[in-house]
Amino acid sequence: MTDLAIIGGTGLNKLEGINIIRRRVMRTPYGEPSGPLTYGEINGNEIVFLPRHGTGHTIPPHKINYCANIWALKEIGVKEVISIAAVGGINNKLAPAQLAVPDQIIDYTWGRENTFYEGGAGKVIHIDFTHPYDNALRTRIINAAQKAGIAIFEGGTYGATQGPRLETAAEIDRMEKDGCDLVGMTGMPEASLARELDLAYACCAVVANHAAGRGDKEEISMKEIELYLNKAMQQVRELLIVVLSNPSST
Ligand code: HPA
């Protein structure tokens, strides 16, 4: 039985260090997920991996079929989802290569398919989303980081932007005033769709760069993003191995 899924973001298209058991191509009422689901095993614990941007990183944030991805994971019986997501750091404590486990979200995205509850013949359903991330799963990530000796920022508000362009400095100023600590393009509607299907969902954010107008650089360099992501993803892999080796939410 596979309880835990990892949705990998930019810089994490596959999970090294895990024994691959099989791959499964899924179809859903919402179309195809970003790629085949990869079943892996570590210390006798099975997990499932899904690369959010596709196996070859070809799907931009606004074109990801979030509904199909979350539906497919629910369909195979997954109970918990850890999202790995590259972000820009707005809070000055969040420098490149730092990891964070946010506890709040502000959604600035638009035009994305963002619900399984479209009304019609079904009932109108409003989910509670006061605390968008599952606290037990967040704690599990934080505990695993402590065990692995990896520094991790606990809390913070994730601002989800539409992309695929990065933000302007003024947009980041506004987001900071709103209370955002991190900015990324894929956190929504992924988190609310997971809640709609009653999946425990938490995010391990990986700071790839100072957000626009932050830090001491005039512009955001893609080369630097890649460099920091490569560095930080090594830590994410170590962290996930500890999480996966300790299956229960304790
Ligand atoms: N903004 C939005 N998404 C991102 C960023 C950013 O600065 N860095 C990595 N993903």
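Rules of the game
Residues numbered from 1 in each chain as written. Predicted model: local features only at pLDDT ≥ 70, side-chain atom pairs only at ≥ 80, totals over all residues. Heavy atoms only, no water. Helix = DSSP H or I, 4+ residues; strand = E, 2+ residues; numbered from the N terminus. Rg over C-alpha atoms; globule rule 2.2 N^0.38 Å. Buried < 20%, exposed > 50% of the residue type's maximum accessible area, 1.4 Å probe, protein only. Contact = heavy atoms within 4.5 Å. Pairing = 2+ DSSP bridges. Near = heavy atom within 4 Å. Polar contact = N/O pair within 3.5 Å; in protein donor to acceptor, adjacent residues only side chain to side chain. Areas by Shrake-Rupley, 256 points an atom, 1.4 Å probe, with all protein chains shown as cover. Nonpolar A, V, L, I, M, F, W, Y, C, P; charged D, E, K, R; others polar.

K.L.:
What is the right way to read the overall build of the chain from this model?
P.N.:
In terms of regular secondary structure, the chain is built from 5 helices and 11 strands. For 250 residues, the compact-globule formula gives about 18 Å, and the C-alpha radius of gyration of the chain, at 17 Å, lands near that figure. Dimensions of the chain, computed from C-alpha atoms along their principal axes, come out at roughly 50 × 45 × 35 Å. Every one of the 250 residues in the chain was classed for burial, and the buried ones make up 52%. Restricting the contact set of the chain to residue pairs at least 6 apart, pairs at least 24 apart contribute 80%.

K.L.:
How should the pairing of strand S1 (residues 4-8) be read in this particular structure?
P.N.:
On any regular strand, side chains alternate: one points to one face of the sheet, the next to the other face. Most of S1 is tucked away: 5 of the 5 residues are buried. Side chains Leu4, Ile6 and Gly8 project from S1 onto one buried face, and the interleaved Ala5 and Ile7 project onto a second face that is buried too. Here 5 bridges tie S1 to strand S4 (residues 45-51), and the two strands are oriented parallel to one another. Opposite Gly8, over in S4, you have Pro51 as the bridge partner. Of the pairings in the sheet, the one linking S1 to strand S5 (residues 80-89) comprises 4 bridges and is parallel in character. Bridging across to S5, Ala5 finds its partner in Val81.

K.L.:
Sorry, what's going on with the environment of Leu239 here?
P.N.:
For Leu239, the location among the structural elements is in helix H5 (residues 222-245). For Leu239, a relative accessible area of 1% gives the class buried. Between the C-alpha atoms of Leu239 and Phe116, which are 123 residues apart in sequence, the distance is 32 Å. Among residues more than four places away in sequence, those in contact with Leu239 are Leu99, Ile141, Ala144, Ala145, Ile150, Ile152 and Cys204.

K.L.:
Would you mind showing me how to read the site of the ligand here?
P.N.:
All residues adjacent to the ligand are Ala86, Val87, Gly88, Leu166, Glu167, Val183, Gly184, Met185 and Asn209. The side chain of Glu167 places a nitrogen or oxygen atom 2.7 Å from a nitrogen atom of the ligand. Protein contacts shield 93% of the accessible area of the ligand, which totals 260 Å² for the unbound molecule. Take the shell around the ligand: its biggest share by element is 3 residues, from S5. Taken together, the residues that form the shell around the ligand break down as 5 nonpolar, 3 polar and 1 charged.

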